[in-house]
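One letter stands for each residue in the lines below.
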Amino acid sequence: MKRPSQETQVTPLSIKKAAVLGAGVMGAQIAAHLANAGVQVVLFDLASQDGERNRIVNTALAGLKKLKPAPLASPARLSNIDAANYDDDLARLADCELVIEAIAERMDWKHALYDRIAPHLSPTALLASNTSGLSIAALGEALPAALRPRFCGIHFFNPPRHMALVELIATPATDAATLDGLETWLTTRLGKDVIRALDTPNFVANRVGVFSLLSVMHHAAAFGLGLDTVDALTGTRIGRAGSATCRTLDMVGLDTFAHVVRTMQATLGDDPWHRHFAVPHWLAALIERGALGHKTQAGLYRKAGKTSEVLDPATLDYRAATGAMADEVAEILAIEPAAERFARLRQSRHPQARFLWAIFRDLFHYCAVHLASIADNARDVDLALRRGFGWREGPFETWQSAGWQDIAEAVAADIAAGEAMSDAPLPAWVRDGRNGVHTPAGSWSPRQGDHVPRPTLPVYRRQLFPDGLLGEALPIPETSGETLFENAAVGLWRLPQRDAGIGILSFKTKQHAIGREVIAGLRAAIAYAEQHLDALVLWHAAPFAVGADLQELAAACAAGDFEQVDTMVRDFQGASLALTYARVPTVAAVQGMALGGGCELAMHATARVLALESYLGLVEAGVGLIPAGGGCKALALRAARLAGQSATPTEVLPFVQDVFMHLATAKVSGSAQEAQALGFAREHDTVVFHAGELLHVALSQARALAEAGHAPPARPRAIPVAGRNGIAALEMTLVNMRDGAMISAHDCRVARALAVALCGGEVDAGSRVDEAWLLGLERRLFVELLKTPETQARIRHLLDTGKPLRN
């Protein structure tokens, strides 16, 4: 089913409670992500016949706490999930607005389950299957007629929290308005990038992605390449995921991959590539002996102590993983533009280069032949592979960037020469003189014989700068805004068409590191906003900021200019305070990493709007320092505030202990929700699930604060601190850790300085200090640590190697 081409009104879905049927790997993780979004979830599976009735589900829930990457954004979210079973609890479906079926890929099992649950569903409940490739129309045939308009496919990708793609698949009976509402809800509430897939085997992403994996294995064998060499060639260097090919298969599960391939083999008999839809005999043998990948600790790779070993398909034994890309091929892949890079790949006789051309050629060929039958348009294919498989570019984007007609001629020549995996001819539209499939007017749709624009559901207005494909003409910050002020490190701009009264400050430094020019630009932007604007938002693409510019600190250390360091830190603290006490509201729009100084700036804004996938932490201990941009002061204030809300308002130490170990161990939150629990963000801060909506929400929050009559907070003047008693208590823990060889002597020194800063210095417990005292304390301790050879060595090592030093 196509999306509407004209913008339509969509009735928002209100889903407060959902059920997930099936507590396997996918079902449990889908339940977890619903719980992340604040939905109350009932997770069902078979009843245990001995002992605890919900043992299967409870085991799955316990497993969620151990999985990596974490399916739960915060451990507390687990309380949103209730365990249930099909024998005792089907009545609990009655008040669920959404029911997602995620049981094993057996049509008969799914039909039998639908028969059991249908009488218990609300007359307005939506039912969706998470099948990865079975026919949605065939699944829907088992449902009562009244339920069919509320049934569709909703295919999440593993792991559901972290993979952005969801494929939405309609049946002929699915109600169009229901589908629009579900797409809207999935986008905003769960943070997903939704494509409407056709009801064909394996839909879009798996159909193309699994073919690509099969093609890689086919050509690896043909060119005699080891599996570790394949991974060296098919990772980030060609725009694919860092897990490349074989490590991706281990992550997915070799048995899961084999099941998807069997589905293709069984249902795609007329596919010109059908003879290739089979797993290699060596992979089948590996599955037979139970080596399934990460979940069994052995698959195509395994760990032998600290060494990574890779399978030798010829012997089914493991060997040390030493595969590497040849220098000649690395030089080719570094060539820009892409057209010259692909021409050189085709010309090279090196086996690795020939392998790379072959896998690209057959991918382009497959996508061109099947575009009309698997997707509405080329954009959906490219976005599916980007979002579902972690590719930097989709296949059609890569083809277009490499010169459409040149590649088309090369593919056609290889087909004619019998070198391609199939002799299927390229469709006529490929060679009709076009320069590609993505244009400012839209993306090519063979089904419609035209270029079709992006979907126009109102929810997409919330994404002010959507991630565009090559050839599209989407708005970008650099050309959409009006510049108000800039220096080499920051730019202050606004979107007059959105809200001319709100300034947007964006950092321009590498990884948005915070140096002197950033601080100067921030101070200038705040001053400008106070004079000419209603509010200020800090926003740019991820990361928010990786911390202070260590190059500047290292240079000052090398020159022995610690007075300059003191001035730099004082200026940083001044910028933090300016964010807090500005006469206009300041909103930090955070996504990705906000570490060290980046975290401190976010903490000092009036409010924060955080993408769910935001990772905040005060990590200075890793380089032998403590937070000194106001971070220690902010957490000391937090401890005093929490103590004041307790039964013993002068006992601050328990609330200092709460954060001390997090800072001493450089802990980084695993999500925005965890950042709130750790104290790096406030409980009332807004968490946005789709990072593309972050700026929209931040601008709305800033406007609301301004309209509410924002006034800066009063400066705290009598802050109770834990004092020397608190320092002594924290130091006892450190001494035990040092004597047990858990931390080094310098780790202990750094952590003690942290304890001093958080406890307000060597004063009596319960003493009251002011903000300036706390800032001066953290600044002095920071400079003292920076003077030590151990801290200087840590900074230098991190700059030289990108890795922390333990000394």
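Structure: above.
Considerations on the overall build of the chain
Stage number 1. In terms of helices and strands, the chain carries 30 helices and 23 strands.
Stage number 2. Counting only C-alpha atoms, the chain reaches 80 × 65 × 60 Å along its principal axes.
Stage number 3. Of the contacts formed within the chain by residues at least 6 apart in sequence, a portion of 71% connects residues at least 24 apart.
Stage number 4. Side chains of the chain give 77 positive and 85 negative charges; the mean places of these two sets differ by 3 Å.

Thoughts on the environment of Arg386
Stage number 1. Examined against the element boundaries, Arg386 turns out to sit in helix 14 (residues 378-389).
Stage number 2. Using a relative accessible area of 11% as the deciding quantity, one classes Arg386 as buried.
Stage number 3. Along the primary structure Arg386 and Thr236 are separated by 150 residues, whereas in three dimensions their C-alpha atoms are 13 Å apart.
Stage number 4. Sequence-distant contacts of Arg386, defined by excluding residues within four places in its chain, comprise Trp391, Arg392, Glu393, Gly394, Glu397, Asp467, Gly468 and Leu469.
Stage number 5. A distance of 3.2 Å separates a polar side-chain atom of Arg386 from the backbone oxygen of Gly468.

Details of the nonpolar core
Stage number 1. Counting 112 residues, the largest nonpolar core has Leu300 and Phe396 as its most contacted members.
Stage number 2. Those residues in contact with Phe396, other than ones at most four positions away along the chain, are Cys367, Ala368, Leu371, Ala378, Val381, Asp382, Trp404, Trp429, Val437 and His438.
Stage number 3. One finds Leu484, Leu553, Ile743 and Ile795 within the second-largest nonpolar core, a separate group that totals 87 residues.

Side note on the pattern of salt bridges
Stage number 1. Applying the stated rule across the entire model yields 50 salt bridges.
Stage number 2. As a salt-bridge pair, Lys110 and Glu105 come within 3.2 Å of each other at their nearest N and O atoms. Here Lys110 and Glu105 have matching classes, each one buried.
Stage number 3. Measuring nitrogen to oxygen at the nearest pair gives 3.3 Å for the salt bridge that ties Glu771 to Lys633.

A few points about the environment of Thr509
Stage number 1. Checked against the element boundaries, Thr509 lands in the loop between strand 17 (500-507) and helix 19 (516-532).
Stage number 2. On the accessibility criterion, Thr509 (24% relative accessible area) is partly exposed.
Stage number 3. Residues within four places of Thr509 in sequence aside, it is in contact with Ala489 and Val518.
Stage number 4. Looking at Thr509, its side chain comes within polar contact range of the main-chain oxygen of Ala513, at 2.7 Å.

Regarding unusual backbone geometry
Stage number 1. Residue Pro69 is reached from Lys68 by a cis peptide bond, and omega for that bond is -5°.
Stage number 2. Counting through the fold element by element, Pro69 comes out in the loop between helix 2 (55-64) and strand 3 (81-85).
Stage number 3. The residue after Ala542, namely Pro543, is reached through a cis peptide bond having omega 0°.
Stage number 4. Phi at Leu316 takes a positive value of approximately 60°, unusual for a residue other than glycine.
Stage number 5. Within the secondary structure layout, Leu316 lies in the loop between strand 10 (307-312) and strand 11 (317-320).
Stage number 6. Unusually for a residue other than glycine, Gln511 sits at a positive phi of about 55°.
Stage number 7. Note that Gln511 resides in the loop between strand 17 and helix 19.
Stage number 8. With relative accessibility at 40%, the residue Gln511 sits in the partly exposed group.

Quick notes on the packing of helix 6 (residues 205-223) against helix 9 (residues 254-267)
Stage number 1. The interhelical angle for the contact between helix 6 and helix 9, taken along N-to-C directions, is 105°, at an axis separation of 11 Å. Taken together, the axis directions place helix 6 and helix 9 in an arrangement best described as roughly perpendicular. The segment helix 6 lies against helix 9, with Arg207, Val210, Leu213, Leu214 and Met217 engaging Phe257, Val260, Val261 and Met264.
Stage number 2. Along the lines of polarity and charge, the residues of the contact of helix 6 with helix 9 split into eight nonpolar, no polar and one charged.

Re the environment of Ala326
Stage number 1. Turning to its location among the elements, Ala326 is positioned in the loop between strand 11 and helix 11 (327-333).
Stage number 2. In this structure Ala326 touches His350 and Gln352, once residues within four positions along its chain are discounted.

Some details on the sheet that holds strand 3
Stage number 1. Pairing is mixed across the open sheet formed by eight strands, whose spatial order is 3-2-1-4-5-6-7-8. The strands lining the two open edges of the sheet, one partner per strand, are strand 3 and strand 8 (193-196). Recorded for the sheet is a direction-independent mean angle of 25° between the axes of neighbouring strands.
Stage number 2. Running over the sheet, helix 2 touches strand 2 (40-45) and strand 3 and is turned about 150° from strand 3.
Stage number 3. Lying over the sheet, helix 5 (residues 176-188) contacts strand 4 (98-101), strand 5 (126-129), strand 6 (151-156), strand 7 (165-169) and strand 8, oriented at roughly 155° with respect to strand 8.

Cut-offs used in this document
Residues numbered from 1 in each chain as written. Predicted model: local features only at pLDDT ≥ 70, side-chain atom pairs only at ≥ 80, totals over all residues. Heavy atoms only, no water. Helix = DSSP H or I, 4+ residues; strand = E, 2+ residues; numbered from the N terminus. Contact = heavy atoms within 4.5 Å. Lys, Arg positive; Asp, Glu negative; His and termini not counted. Charge placed at Lys NZ, Arg CZ, Asp CG, Glu CD. Buried < 20%, exposed > 50% of the residue type's maximum accessible area, 1.4 Å probe, protein only. Polar contact = N/O pair within 3.5 Å; in protein donor to acceptor, adjacent residues only side chain to side chain. Core = buried A, V, L, I, M, F, W, Y, C linked by side-chain atoms within 4.5 Å. Salt bridge = Lys/Arg side-chain N within 4 Å of Asp/Glu carboxyl O. Axes fitted to C-alpha atoms, helices over the stretch in contact; angles between N-to-C directions. Parallel < 35°, antiparallel > 145°, perpendicular 65-115°, else oblique. Nonpolar A, V, L, I, M, F, W, Y, C, P; charged D, E, K, R; others polar. Pairing = 2+ DSSP bridges.

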